[in-house]
Amino acid sequence: AVVSTQSTGVLGGRSDLRVDKLKDKRICLPGYDEAGSWETALGYFAWRGWLKPSDRCDPLLTVTRYFGDSCLPDDSGAVPDNWRICAACSRGLCSSETEYAGQRGALKCLLSGAGDVAFVHLKAANGAANDWGGSYQIEGGSSETGLKLLCRDNSQTTLDGWAECNFGTARTAALICN
């Protein structure tokens, strides 16, 4: 079955980033094989003309030319180790072995201070906020409250403002058992 969820850009509670100011910012992505959440968002950046395809039409090269150091865990071998797109991963590991792998891992990457924005499914952001009780510790011991969504119109909103503040519907595969 195909499950739909919204692709969101998530910020920590104190961030003042705008969607049109993400050039050279550090991004946290769930994984190369979890493309729905981040490819949907990056499609928006391409549509706006901010993200220009590389000469070879290589999406990874395109991402590394626009964003700063990032974390995109991958076990398929598509992402070369120690490449700029892996620089923000914990210990530079660019695999599912990193604590920053998966939807929740991308949020952990953000909250650890390794990234400026995480592109994840809305369900992951809501689940993390519920589990963390609305506040969390970030690297260095300071406390943050509230995750925020980065909106296409350069605004920010709380997670419950997702209907107007998302990058589009991301489709994911799921096995549903009865």
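Structure's up top.
The shown structure was predicted, so the numbers you read here are calculated from the model rather than taken from an experiment.

Thresholds applied
- Residues numbered from 1 in each chain as written.
- Predicted model: local features only at pLDDT ≥ 70, side-chain atom pairs only at ≥ 80, totals over all residues.
- Heavy atoms only, no water.
- Disulfide = S-S within 2.5 Å.
- Helix = DSSP H or I, 4+ residues; strand = E, 2+ residues; numbered from the N terminus.
- Buried < 20%, exposed > 50% of the residue type's maximum accessible area, 1.4 Å probe, protein only.
- Phe/Tyr/Trp six-rings, centres within 6.5 Å; stacked < 30°, edge-to-face > 60°.
- Polar contact = N/O pair within 3.5 Å; in protein donor to acceptor, adjacent residues only side chain to side chain.
- Contact = heavy atoms within 4.5 Å.

Below, the discussion takes up the state of the cysteines. All told, the structure shown has three disulfides when counted by the stated rule. Residue pairing for cysteine 151: its cysteine sulfur links by disulfide to cysteine 165, the two sulfurs lying 2.0 Å apart. Looking down the S-S bond of the cysteine 151 and cysteine 165 bridge, the torsion is -110°, so its handedness is left-handed. With cysteine 151 in the loop between β6 (148-150) and β7 (156-158) and cysteine 165 in the loop between β7 and β8 (169-173), this pair connects stretches of sequence that are 14 residues apart. The pair formed by cysteine 151 and cysteine 165 is uniform in burial state, with each residue classed as buried.

This part covers the packing of aromatic side chains. Counting across every chain of the model gives twelve aromatic pairs. Measuring from ring centre to ring centre gives 5.8 Å for tyrosine 44 and tryptophan 47, while their planes differ by 35°; the resulting arrangement is tilted. You can see tyrosine 44 and its partner tryptophan 47 sitting in helix α1 (residues 35-48), three residues apart, about one turn around the helix. Assessed through its relative accessible area of 10%, tyrosine 44 is described here as buried. Pairing tyrosine 44 with phenylalanine 167 gives two aromatic rings, centres 5.6 Å apart and planes at 55°, and the pair type is tilted. One end of the pair, tyrosine 44, is in helix α1; the other, phenylalanine 167, is in the loop between β7 and β8, and 123 residues separate them in sequence. Comparing tyrosine 44 with phenylalanine 167 shows no difference in burial state: the two are buried. Here a set of aromatic residues connected by ring pairs shows up, and it is made of Tyr44, Phe45, Trp47, Trp50, Tyr66, Phe67, Phe119 and Phe167.

Secondary-structure assignment places asparagine 166 in the loop between β7 and β8. Engagement of the side chain of asparagine 166 in a polar contact is seen with the backbone oxygen of tryptophan 162, the distance being 2.7 Å. If we skip the residues at most four places from it in the chain, asparagine 166 touches Gln6, Ser7, Thr8 and Arg152.

Bear in mind that shape data such as this cannot, by itself, settle questions of function.
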